[in-house]
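# Topology and contacts: notes
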Amino acid sequence: MIFNPAEENEYEAVRGLLVHRFEQWAWENGIDADPFVVETALDYRHLGTPDGRLGLWDQRHIEEFLLDWVPRTVTVLPDEEPADAPGTLRCLLRYLDAVHLADPRGASLPEVLEAVDAAAPRYAEAMADRSLWGLAKFWITAAAEQGVDVHDEQALQDFVGRAQGGEVPYDPEVLQTIVERHMRSSGPVRSEPQLPVALPGDDVLREQAGRSPVLRQLRGLAEWAGRDRRTLTGSGRLRLSDARELVERLDTGDDTDSVRSSGDLPRLNLLVEWAKTARLIRVAKGRLYAVAKAEPVLNDPLALWRRAFDAFRELPSPVSGGRGGRYGESVLYDVYDVVLPDVLATLYSLPYPMPWPGLRDSVHLAYRSSSLLEVFATDSIGFEQADDGLRTVLGVLEDLGAIECHQGMADPVFWDLAMSENDLERWAGTPTEDDDDLETPSGVLPGMPTGLAGLLDDALPDETLSGDALLSDAQLDDEATQRARKLKSELSSGPVELISLTDLGTDSVRRRLLAEGRDAPLIGELAQASPAGLLGVLADHYDPEAARAELAAWIAVHGGRSAALEQLVHAVRTMPFRTRAEAMLDVLVSSLDDGELLLRSLRSDSSLAPTALSLLARREILTPEDLTEPESLLMVAESLLQLCEATGADGVREVLRQQGREAEEALRAALASGHPDEEGLADLQALAERVPRERKAHVGLVQQRGHRKNGRRGGKRRR
């Protein structure tokens, strides 16, 4: 389960449905749980994490939710008791597992319950720690403690005025801590979804790592340093004689003929800094020596490769030396820590190799959105230096074995992308006009009283002028058009350099994405998932080709085709949510060569007929004329049940009000259809009973407002 941040209406409808069904489940099982905590937990996963997967929980999510999100965002007024968030979270996790909504790539149910038990003793202390509160919570609590009715907007406005005038007592140190934390953290940014990737096993990756020239050099450097230690110069550099020896021993390619210091050997210096960052060698008391604890890593090519890859990303300045050489310094490194991860994420899971011109221009756009915009906007040399630096980085990554480059024609898909500035910006990871509605003003939280907005703004320092203001909109539009045309011409006129991640590079980028809490599917990782877990993930995150491969791998380890299909169909049959059941069946039949045959066979299944009929109609395999009368009634019921899930009860009521008698007849037909979803029909029945009463009340109010007295329209309108 996942929603784009812009899909607020869809998310809120599903959240409401989940909370409603959870409350019913908790009541049936004799469990006392707080639905507000459930809403808060779903909001945390939707708004407060990079991946937004509502059904995936592990230890870090549980700790962050209980010990950071709730203390920061949930206000407890002086006369209230804090909700039992750990207890309700336990119930929510059990519920997600019971209704097959838990993502199988997260921790197991016993593991997440154990994580809640481990975090629960610290929950009360975190809730009481005011330094952990958010700005809104701090001021609302301060107002309530001073007798202000926080539900009264005017009372809050008066409180804000007194606070701005210095008349309100508060702890300035706590407020300063809150403001500083707020400024340090801009909040999570929803990551772009990644396509599933296929990777060989560790044995193959280990063999590939053993062929890396950089690994041979790093291992050779550590062996040379040894445990006897090598003396360094007073400035901490290698002695020139030792440096010349290493250049030859490691075959770095540095020119040693005219150098006067080891600092003039850029590739060797890179290797030394790299080995230090990777904790293979270290300096102590003016000597260089190998780290003894690194010996097991040096003996395992895959472990060494992964450590070297991670260390390369951590280097403060991966290359040094004069500009112009292969390993020369570049202005790239002013934004290196931002650009390199974006470059790797751009290459990750691409179905086609990335052409150099496209990658280059996407990085240029990253520069334009950075603090270096003024430099790049006024000095073309800045871009030339940045291109040299990017080439340098790509060269090192190629020597490491993380990427591979070859000449060829760019795939035509990149020609079309070249004409869309927004697409290029997405390559670069920069905001676009389409993203405007995804942002929330600093310090302002959804549902926060508007009276506090001014007070929160006062607590925050002024923002600096965005670099985008340095150029006029007309200039930017004209430049964007010129760049797009030039790029398309460059991509289509002949062979260009094509860049892609190797298996080793893909593996390590994926490991980093997972460490950052992002979604990075791997074909084959669902082999042991439950049938419902498998189909749910395929429906939410897999493209058709990857879904077919993942399903084939799952079938192979679950008793063969016949037994596996029986389990998968049963998972769809027992899914209590209509829209999800259809998505699961859709991905199943789409991933089978004879999927349509399976779908047709389910037309007569007493439990799955509504879902199968809905899919057959969506795929235009069946027309309304092909349906029997009972099937038509099932289709009506299925449509209303899915509408209720997608829009919530309010959405269905609005449809019923707008369409009048025709919609009411459809509702009655649905209730008489014999649809197997008894819980959903009960919800529709409740709607059917409420709508006429609501309509009568609405009509009565209209008549009251419009009655005539002495020929005049009388009465006041109530709002």
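Structural notes, computed from the coordinates.

About the criteria used
Residues numbered from 1 in each chain as written. Predicted model: local features only at pLDDT ≥ 70, side-chain atom pairs only at ≥ 80, totals over all residues. Heavy atoms only, no water. Pairing = 2+ DSSP bridges. Helix = DSSP H or I, 4+ residues; strand = E, 2+ residues; numbered from the N terminus. Salt bridge = Lys/Arg side-chain N within 4 Å of Asp/Glu carboxyl O. Buried < 20%, exposed > 50% of the residue type's maximum accessible area, 1.4 Å probe, protein only. Arc of directions from axis to C-beta. Contact = heavy atoms within 4.5 Å. Axes fitted to C-alpha atoms, helices over the stretch in contact; angles between N-to-C directions. Expected span 1.5 Å × (residues − 1). Polar contact = N/O pair within 3.5 Å; in protein donor to acceptor, adjacent residues only side chain to side chain. Phe/Tyr/Trp six-rings, centres within 6.5 Å; stacked < 30°, edge-to-face > 60°. Patch = residues over 30% accessible without salt bridge, like charges linked within 9 Å, V, L, I, M, F, W, Y side chains within 5 Å. Areas by Shrake-Rupley, 256 points an atom, 1.4 Å probe, with all protein chains shown as cover. Lys, Arg positive; Asp, Glu negative; His and termini not counted. Charge placed at Lys NZ, Arg CZ, Asp CG, Glu CD. Core = buried A, V, L, I, M, F, W, Y, C linked by side-chain atoms within 4.5 Å.

## Topic: the sheet that holds strand β6 (residues 496-501)
An order of β4-β6-β5 is seen for the 3 strands of this open sheet, with the pairing classed as antiparallel. Each edge of the sheet is formed by a strand with only one pairing partner; in this case those strands are β4 (354-355) and β5 (403-408). Relative to β6, β5 is paired through 6 bridges, and the arrangement is antiparallel. Following the sheet pairing, glycine 408 is matched in β6 by valine 496.

## Looking at the pattern of salt bridges
In total, this model carries 33 salt bridges according to the counting rule given. Across the pair aspartate 683 and arginine 21 runs a salt bridge, and its minimum N-O distance is 4.0 Å. Pair noted here: aspartate 683 is in helix α32 (residues 678-706) and arginine 21 is in helix α1 (residues 8-28), with a separation of 662 residues, a long-range link. By relative accessible area, arginine 21 is classed as buried at 5%. By sharing partners, the salt bridges in this structure join Arg45, Asp51, Arg53, Asp103, Arg105 and Asp519 into a single network.

## A short note on unusual backbone geometry
Here the phi dihedral of aspartate 251 falls at roughly 55 degrees; this positive angle occurs in a residue that is not glycine. Relative to the elements of secondary structure, aspartate 251 occurs in the loop between α11 (240-250) and α12 (266-277). Residue classification places aspartate 251 among the exposed residues on the basis of a relative accessible area of 56%.

## A word on helix α31 (residues 661-671)
Buried residues of α31: Ala663, Leu667 and Ala670, and no others. Looking straight down α31, one finds its buried side chains confined to an arc of 60 degrees; they lie on one side. Structural note: α31 exposes Arg661 and Glu662 on the side pointing more than 90 degrees away from its buried face.

## Some points on the sheet that holds strand β1 (residues 230-231)
Across a sheet, strands are paired by hydrogen bonds formed along the backbone, either parallel or antiparallel in direction. Taken in spatial order, the 3 strands make up an open sheet running β1-β3-β2, and their pairing is antiparallel. The open sheet is flanked by β1 and β2 (281-284), the only strands paired with a single partner. Alignment of β1 against strand β3 (residues 287-290), held across 2 bridges, turns out to be antiparallel. In the sheet register, threonine 231 faces β3, and the bridge partner there is arginine 287. Sheet strands in contact with helix α10 (residues 213-225) are β1, β2 and β3, and its direction is about 115 degrees off that of β3.

## What to know about the environment of valine 174
The topology assignment puts valine 174 in helix α8 (residues 172-184). According to the relative accessible area criterion, valine 174 is buried, its value standing at 17%. The contacts of valine 174, once residues within four sequence positions are left out, are Arg130, Ser131 and Phe138.

## Regarding helix α7 (residues 153-164)
For α7, with 12 residues, the first-to-last C-alpha span of 16 Å sits near the 16 Å given by 1.5 Å per residue. Within the span of α7, buried status applies to Ala155, Leu156, Phe159, Val160 and Ala163. One face of α7 carries all of its buried residues, which in axial projection span an arc of 140 degrees. Two or three places before glutamine 154, at the start of α7, stands the capping residue aspartate 152, its side-chain oxygen 3.0 Å from that residue's backbone nitrogen. Directly beyond the C-terminal end of α7, a positive phi value near 75 degrees is found at glycine 166.

## Remarks on the packing of aromatic side chains
What the rule picks out here adds up to 14 aromatic pairs. When the ring of tyrosine 44 is compared with that of tryptophan 57, the centres are 5.9 Å apart and the planes differ by 45 degrees; the resulting orientation is tilted. Taken together, the residues tyrosine 44 in helix α2 (residues 35-47) and tryptophan 57 in the loop between α2 and α3 (59-73) connect sequence positions 13 residues apart. When the centroid spacing of 5.0 Å and the interplanar angle of 40 degrees are considered together, the rings of tryptophan 274 and phenylalanine 312 count as tilted. One end of the pair, tryptophan 274, is in helix α12; the other, phenylalanine 312, is in helix α14 (residues 301-314), with 38 residues separating them in the sequence. Take tryptophan 274 and phenylalanine 312: they sit in the same class, and that class is buried. These aromatic residues form a ring-pair network of at least three members: Tyr44, Trp57, Phe65 and Trp69.

## With respect to a negative patch on the surface
Taken together, Asp149, Asp152, Glu153 and Asp158 make up a surface patch of like negative charges. Mapping glutamate 153 onto the fold places it in helix α7. By relative accessible area, which is 32% here, glutamate 153 ends up partly exposed.

## So, the pairing of β3
Relative to β3, β2 runs antiparallel, the two sharing 4 bridges. Across the sheet, the residue bridging to isoleucine 281 is alanine 290, located in β3. Hairpin remark: β2 followed by β3, antiparallel, with 2 residues in the connecting loop; positive phi at lysine 285, about 55 degrees.

## A look at the nonpolar core
Within the largest apolar cluster, 82 residues are counted, with the highest numbers of intra-cluster contacts made by Trp57, Ile62, Phe65, Leu66, Leu89 and Leu588. Ranked by residue count, the leading element in this core is α1, at 8 residues. Excluding residues within four positions of it along the chain, phenylalanine 65 makes contact with Val37, Thr40, Ala41, Tyr44, Trp57, Val70, Pro71 and Leu89. Ile281, Ala308, Phe312 and Leu498 belong to the second-largest nonpolar core, a separate cluster that totals 70 residues.

## Some details on a positive patch on the surface
Together, Arg229, Arg282, Lys285 and Arg287 line one region of the surface with positive charge. In this fold, lysine 285 is placed in the loop between β2 and β3.

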